[in-house]
Amino acid sequence: MASELEPEVQAIDRSLLECSAEETAGKWLQATDLTREVYQHLAHSVPKIYCRGPNPFPQKEDMLAQHVLLGPMEWYLCGEDPAFGFPKLEQANKPSHLCGRVFKVGEPTYSCRDCAVDPTCVLCMECFLGSIHRDHRYRMTTSGGGGFCDCGDAEAWKEGPYCQKHELNTSEIEEEEDPLVHLSEDVIARTYNIFAIMFRYAVEILTWEKESELPADLEMVEKSDTYYCMLFNDEVHTYEQVIYTLQKAVNCTQKEAIGFATTVDRDGRRSVRYGDFQYCEQAKSVIVRNTSRQTKPLKVQVMHSSIVAHQNFGLKLLSWLGSIIGYSDGLRRILCQVGLQEGPDGENSSLVDRLMLNDSKLWKGARSVYHQLFMSSLLMDLKYKKLFAVRFAKNYERLQSDYVTDDHDREFSVADLSVQIFTVPSLARMLITEENLMTIIIKTFMDHLRHRDTQGRFQFERYTALQAFKFRRVQSLILDLKYVLISKPTEWSDELRQKFLEGFDAFLELLKCMQGMDPITRQVGQHIEMEPEWEAAFTLQMKLTHVISMMQDWCASDEKVLIEAYKKCLAVLMQCHGGYTDGEQPITLSICGHSVETIRYCVSQEKVSIHLPVSRLLAGLHVLLSKSEVAYKFPELLPLSELSPPMLIEHPLRCLVLCAQVHAGMWRRNGFSLVNQIYYYHNVKCRREMFDKDIVMLQTGVSMMDPNHFLMIMLSRFELYQIFSTPDYGKRFSSEITHKDVVQQNNTLIEEMLYLIIMLVGERFSPGVGQVNATDEIKREIIHQLSIKPMAHSELVKSLPEDENKETGMESVIEAVAHFKKPGLTGRGMYELKPECAKEFNLYFYHFSRAEQSKAEEAQRKLKRQNREDTALPPPVLPPFCPLFASLVNILQSDVMLCIMGTILQWAVEHNGYAWSESMLQRVLHLIGMALQEEKQHLENVTEEHVVTFAFTQKISKPGEAPKNSPSILAMLETLQNAPYLEIHKDMIRWILKTFNAIKKMRESSPTSPMAETEGTIMEESSRDKDKAERKRKAEIARLRREKIMAQMSEMQRHFIDENKELFQQTLELDASTSAVLDNSPVVSDMTLTALGPMQTQVPEQRQFVTCILCQEEQEVKVESRAMVLAAFVQRSTVLSKNRSKVIQDPEKYDPLFMHPDLSCGTHTSSCGHIMHAHCWQRYFDSVQAKEQRRQQRLRLHTSYDVENGEFLCPLCECLSNTVIPLLLPPRNIFNK
């Protein structure tokens, strides 16, 4: 069939080449109905150029299209030969100050971390290298394709918006100059005509849906019976499925099928068969039948060849328009006008609207061509960028719905252009005020998540694959919301306030649907049968984390907005939990003469949810009231009197109790889904808007209520009220033979509750809670991370929370708190904490996991021992609270708190009668330490007219009331100081008593007198002297013991020499030539040398210095130096064997050092001679093993060594090794010492 076509095709080619572009353009200039004339030319020529056979010939088609179709348009547009016309246009044009280079897939892009308004502002390589940003902190990434360079956009950069190349163009630019003034009237009219016709033609043919007939004005008279079987791309079927199906359907080789599949994936469609209708239809039915079993079938259409031809030319035309408008800004402006001009059908009838709304119907190739045209035209013209943004926002809901139902990736959807529009601050503000964009985005998002439970909360149960797929696509809406909010407004208009608060209302509606979602109930008896769905809710929470933070930042930037937002948030919280006491039984709790009314609620029996975004948002706003001082300036505008603290704290407290009970092992039967939820709740990705805000909410509640009431409610929620309210409950509890688990659970719950109190009082490093700024907060995070161990930069960054710009703020403060230790030969550079920062270490830092806490405690105690200090880890001195939270410290001196402390100390004093734990005691000691530090601060900062109301020292000195007559807390501490079973806590108790005495002295002297200070230090010194004396005594005992052993050894040696005199005599008569060996060694006098015995000659030792190959540290080999080792390989050897046939019966019991007379096998040890510190080697070996364990079994390559058998490669020469040999001094040197 192809061979028959050949001569005919050649004839057509000849006739086409004889066409003259100039003549055609001349004809068009004379034409009365230009549209009809152009369409006739296209109808006649396009099918002759494109789609002449089964395979395309791109070079030939492009050459003919340029000659016959595009050439006339260029002549018509210029009115002369385009070879002269376009350069003239280019000269007249003032070049754009925007770069606008569209990135290809995989192209490098650069973003300045110091100057970019947000991370989406990027530069191409050329602009970056010519800009000031190359000397700043920058981030380099590879483009996914589709974005463009932001060089020249003043809104994208805080400074340095232009590179050297584009800077030249800014000097002459007058704002808002119309680019059309550089074009003549004739050119404008002709350009307008040709652009209008060609753009309309391209849009019409690309969105054409009929498969075998063309639009009426493009129909040809004689129509051939040639069709294409066109296969379209989808993201459901795999390459293998498509290749297999094609081999069956169109009877091609595997290589051809792979070629088809690759083109379909790249361009979005490809014809797989060419011929008459019947022939193509048959292939279509095979493809549909073969791919419709599990999923929807592949999309296949049988299309007439002329339609495909016109569509191919339509794409060529859009690319041509994109290149033509590059000659002049005036041409670009005309194309924008043509594109956005409303058609006769009113709303959404412009060409741009038609393309956008048909986006999901177009194939991949067509989409990317018109997206690129939009970027080089509409988005490069500031006037039309605004108009396009408005059209985009008006159609936003429909575009997003199309994207969600479509199956192509985000970068092939027109919805992806949101990043180019919404991240421009001025456009984002305009769209919020004029188009109510915030509300539209949130409403659209809510419309897609329709699954709700009876309370109206989101429900993600029975989550099918299709729903999960849709949910992933819906999340892109959250990204758009993030783009809109990413740059905070500096000044607010009334319209912006109104529309932002409307958007805030919609956002609260969204959070309201999340408040309390995925509730869980504790499994008792048997293990949960099916793990519930939890990931969707957490994915949503993670995606929203930055949006919630940015909402708060927006509120913080305007006082009126903050007050309104606070009221709205409180109102929504009241709706969610206003009736939080409904159906719950009211009860009264009383301890130490205080009583409070609350409800009976057991976390371990009722439903509880970890998702409380409304409460957490309110907590964030409450902190902002304090930080911005709005709470003190306009208290009358705030509903602070309406707040019900018990209602505010109820749900966050339940959530924290849930975590405590999970740690206590009470929820084991609920499976891994709950463990994962608790993990993410504390994880660095979510904690800022989850765990941290729950702590803030409790702090808010405590600062507004009687601390005794709060503590009683807390005891009740932790299910510990019984223990502390009933005298001697502990004794009864332990005397009954209770279940061991219950005792253990209660102990863990008490520990967790005390930990929570420590957090409430000690966590005041959020600006607004304590008098600190953001850098103090990040410094503290870094100090506590480095307290665990020195860390590499990447490891440290991962442990810090990122903001919406992917910044952690680490670089600005790291120098102040850490030293950088350069890397050795192998290994990484590490940050080490500066010694002076160790005093800020808090053992109960709230972002430590259990493992991190114990590692940090161990590391800090070790450090203290090395510095010859006592090992107490007292609480650090804390910054003062902000006034709104100031009353929080009273929890430490409240009666219930003192009762809890007293009870636990009492258990420790009578340690056999009760079930208590050391961690419990350690936490109580920490709390006492915190209270003493607080009182000390109050006394030091007191002024003449103020009285210090914080009197913790007086309260702990008083013994208990009459009936019980329990000893005072102070007396119990003094008793515990000498308890032998509390050796590890002695230093801490000693520190507490020392601080107590210092405070007492301060109270006795007047607040202004410096006497108190000196007396405190005298006391401190005397106790320090005692410690020193104690250490000295121990050192003396150790020295005497060493001397005694050495004396015994020399006595034994003397005894041995006396018994073996002849032997020693012979050694002296040895050949003198051996002394020649000593020639290289240090010079010794010519007297006779004695090698052994009491008269042994003292040879001056040669000092040996070696360098560790891992840390590059040089050190002398001495007894007291750190141990050094050599990499070595030990193996069986039969080199000298006299009996090779012998088999070792029981290798486990065989002693390799015992040599049988037949020398069947020996031990051979070899070493490459490379030296390392023992601890450096251990660390290296551990990392080799850890790396091996991390590699998945199936991916493991065959290595040259067997890690499981203890083998490794020498880090320097990669010599096979399986052990290390210690590097020792000669025994003589050791003995002489």
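Here is what the cut-offs are and how they apply
Residues numbered from 1 in each chain as written. Predicted model: local features only at pLDDT ≥ 70, side-chain atom pairs only at ≥ 80, totals over all residues. Heavy atoms only, no water. Helix = DSSP H or I, 4+ residues; strand = E, 2+ residues; numbered from the N terminus. Buried < 20%, exposed > 50% of the residue type's maximum accessible area, 1.4 Å probe, protein only. Contact = heavy atoms within 4.5 Å. Areas by Shrake-Rupley, 256 points an atom, 1.4 Å probe, with all protein chains shown as cover. Phe/Tyr/Trp six-rings, centres within 6.5 Å; stacked < 30°, edge-to-face > 60°. Axes fitted to C-alpha atoms, helices over the stretch in contact; angles between N-to-C directions. Parallel < 35°, antiparallel > 145°, perpendicular 65-115°, else oblique. Left-handed = near helix turned anticlockwise from the far one by under 90°. pLDDT = per-residue confidence, 0-100. Expected span 1.5 Å × (residues − 1). Pairing = 2+ DSSP bridges. Disulfide = S-S within 2.5 Å. Salt bridge = Lys/Arg side-chain N within 4 Å of Asp/Glu carboxyl O.

Caption draft 1: Broad picture of the overall build of the chain. For the chain, the count of helices and strands is 47 helices and 16 strands. For the chain, buried positions account for 50% of its 1233 residues. Within the chain, counting contacts between residues at least 6 apart in sequence, those at least 24 apart form 75% of the total. For the chain, the accessible surface area stands at approximately 61700 Å², while carbon and sulfur atoms represent 52% of it.

Caption draft 2: Structural detail: the packing of aromatic side chains. Evaluated as defined, the whole model comprises 37 aromatic pairs. Centre to centre, the rings of Tyr 110 and Phe 128 are 4.2 Å apart; their planes meet at 5°, and the pair counts as stacked. A residue pair is termed long-range when its members are at least 10 positions apart, and Tyr 110 in strand β1 (residues 108-112) and Phe 128 in helix α6 (residues 125-129) qualify at 18 residues. Exposure remark for Tyr 110: the relative accessible area of 7% places this residue in the buried category. When its relative accessible area of 4% is taken as the criterion, Phe 128 is described as buried. Measuring from ring centre to ring centre gives 5.1 Å for Tyr 370 and Phe 374, while their planes differ by 80°; the resulting arrangement is edge-to-face. Taken together, the residues span about one helical turn, with Tyr 370 and Phe 374 both in helix α15 (residues 364-376) at a distance of four residues. Of the aromatic side chains, those joined through ring pairs into one cluster are Tyr 370, Phe 374, Phe 388, Phe 392, Tyr 396 and Phe 422.

Caption draft 3: Structural context of the packing of helix α28 (residues 645-663) against helix α31 (residues 707-717). At a closest axis distance of 10 Å, the pairing of α28 and α31 adopts a crossing angle of 45°. Between α28 and α31, the interaxial angle falls into the category oblique. Note on packing geometry: the crossing formed by α28 with α31 is right-handed. Touching Ile 649, Glu 650, Leu 653 and Val 657 of α28 are Phe 710, Ile 713, Met 714 and Arg 717, all from α31.

Caption draft 4: Fine view of the confidence of the model for the chain. Looking at the chain as a whole, the pLDDT averages 85, with 88% of positions reaching at least 70. Across residues 1-5 the pLDDT falls below 50, and counting only partners more than four positions away or on other chains, this stretch makes one contact in the model.

Caption draft 5: Local environment of helix α23 (residues 494-514). Helix length check: α23 (21 residues) gives 30 Å between terminal C-alpha atoms against 30 Å at 1.5 Å per residue, within 8%. Among the residues trailing α23, Gly 516 stands out with phi positive, at a value near 80°.

Caption draft 6: Region of the structure containing the sheet that holds strand β4 (residues 269-275). In space, the three strands of this open sheet follow the order β4-β3-β5, with antiparallel pairing throughout. At either end of the open sheet lies a strand with only one pairing partner, and these are β4 and β5 (300-304). Between one strand axis and the next, the sheet turns by 30° as a mean value, whatever way the strands run. Sheet topology places strand β3 (residues 227-232) next to β4; six bridges connect them, and they run antiparallel. Opposite Leu 231, over in β4, you have Arg 270 as the bridge partner.

Caption draft 7: Layout of the state of the cysteines. Tallying each qualifying case throughout the model produces zero disulfides. Note on Cys 576: no disulfide assigned, nearest cysteine sulfur contributed by Cys 513 at a separation of 9.0 Å.

Caption draft 8: How the structure looks around the pattern of salt bridges. Going through the model one piece at a time under the given rule, you end up with 45 salt bridges. Glu 811 is paired through a salt bridge with Arg 113; the nearest N and O atoms lie 3.0 Å apart. One end of the pair, Glu 811, is in helix α37 (residues 810-817); the other, Arg 113, is in the loop between β1 and α6, and 698 residues separate them in sequence. The partly exposed category is assigned to Arg 113, whose relative accessible area is 24%. A salt bridge links Glu 204 to Arg 200, with the shortest nitrogen-to-oxygen separation between them at 3.6 Å. Note that Glu 204 and Arg 200 are positioned in helix α8 (residues 185-206) at a spacing of four residues, about one turn of the helix.

Caption draft 9: The arrangement of the sheet that holds strand β13 (residues 1162-1173) in detail. Pairing in this open sheet of three strands is antiparallel, and the strands run β13-β12-β16 from one edge to the other. Of all strands in the sheet, those with a lone pairing partner are β13 and β16 (1219-1222), marking the two edges. On average, each strand axis in the sheet is inclined to that of its neighbour by 40°, with strand direction left out of account. By the bridge criterion, four bridges tie strand β12 (residues 1124-1133) to β16 in an arrangement that is antiparallel. Directly across from Ala 1128, in β16, lies its bridge partner Thr 1219. Most of the contacts of helix α46 (residues 1174-1190) go to β13, to which it runs at about 105°, and overall it touches β12, β13 and β16.

Caption draft 10: Just unusual backbone geometry, in detail. With phi around 55°, Asn 251 is a residue other than glycine that occupies positive phi space. Inspection of the secondary structure assignment puts Asn 251 in the loop between α9 (239-250) and α10 (254-267). Judged by relative accessible area, which is 67%, Asn 251 ranks as exposed. Even without a glycine there, the phi angle at Glu 719 is positive, about 60°. With respect to the element layout, Glu 719 can be found in the loop between α31 and α32 (721-725).

Caption draft 11: Layout of the packing of helix α16 (residues 382-394) against helix α19 (residues 425-435). Contact geometry of α16 with α19 gives a least axis separation of 10 Å together with a crossing angle of 50°. With respect to α19, the axis of α16 lies oblique. Once α16 is placed against α19, the crossing between them reads as right-handed. The segment α16 lies against α19, with Lys 385, Lys 386, Ala 389, Val 390, Ala 393 and Lys 394 engaging Leu 427, Met 430, Leu 431 and Glu 435.

Caption draft 12: Expanded view of the pairing of β1. By the criterion of burial, β1 is predominantly enclosed, with four of the five residues buried. Pairing of β1 with strand β2 (residues 138-142), which is carried by five bridges, proceeds in the antiparallel orientation. By the bridge assignment, Tyr 110 is partnered in β2 with Met 140.

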